[in-house]
Amino acid sequence: PESIPERCLGVSVLALGMVMATCFVSSITSTMAAVWTANRYNSTQTLLLKKFLNQNKVSRDLASRITHYVDFVAELRHKRVHVSKVNYLSFLSGP
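Residues numbered from 1 in each chain as written. Predicted model: local features only at pLDDT ≥ 70, side-chain atom pairs only at ≥ 80, totals over all residues. Heavy atoms only, no water.

Take the pattern of salt bridges next. This structure, assessed with the given rule, holds 1 salt bridge. For the salt bridge of Arg-65 with Asp-61, the shortest nitrogen-to-oxygen distance reads 3.9 Å. Here Arg-65 pairs with Asp-61, and both are found in helix H2 (residues 60–79), just 4 residues apart, close to one helical turn. For the residue pair Arg-65 and Asp-61, the accessibility class agrees, reading exposed in each case. (Salt bridge = Lys/Arg side-chain N within 4 Å of Asp/Glu carboxyl O. Helix = DSSP H or I, 4+ residues; strand = E, 2+ residues; numbered from the N terminus. Buried < 20%, exposed > 50% of the residue type's maximum accessible area, 1.4 Å probe, protein only.)

This paragraph deals with the environment of Ala-21. Examined against the element boundaries, Ala-21 turns out to sit in helix H1 (residues 4–55). Remark: the alpha-carbon pair of Ala-21 and Ala-38, spanning 17 residues in sequence, is separated by 26 Å.

Moving on, we come to the layout of surface pockets. Its boundaries defined by the atoms lining it, the largest pocket holds a volume of some 450 Å³. What lines the largest pocket is a set of 15 residues, among which Asn-42, Thr-46, Asp-71, Ala-74 and Glu-75 lie closest to the centre. Broken down by secondary-structure element, the contributors of at least two residues to the lining of the largest pocket are H1 and H2. Among the residues forming the lining of the largest pocket, the class breakdown is 5 nonpolar, 7 polar and 3 charged. Put simply, the second largest pocket is a space of about 150 Å³. As for the second largest pocket, its lining consists of Lys-50, Leu-53, Asn-54, Val-58, Arg-60, Ala-63, Ser-64 and Thr-67. Taken together, the residues of the lining of the second largest pocket sort by class into 3 nonpolar, 3 polar and 2 charged. (1 Å grid on protein atoms, 1.4 Å probe; cavity = no way out; pocket = protein on both sides within 12 Å on 5 of 7 lines; lining within 4 Å. Points joined across faces, edges and corners; volume = space filled by probe spheres on them. Nonpolar A, V, L, I, M, F, W, Y, C, P; charged D, E, K, R; others polar.)

Structure (C-alpha cells):
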C-alpha cells in the first residue's frame, strides 16, 4: 500500500476480518456452552435418579431397568415434537 486510500482500505479490511472472526468464535462458544449446560442437566438428573433408587434400596437389576427406561423415554421426547409446541397448528381449520 503506497497511497493513503490503499492503506485505509487495508486497515478497514483487516478490522472487518477481525470483527467477523470474533463473531464466529463467539457464536461457537455460545453454542458449546448451551450444549454443555444441557448435558450437565441430564447428567445431574441421572445421578439424582440413581441416588434415589439406591437410598430406597431398589435392587440393582430393577434400578438398571428403570434407568434404561428413563433414558429411552428422555431420548424419545428429545427427538419428537409434541403437538403443544407447534403454535402454527392452531392456524389450520377443523373439519
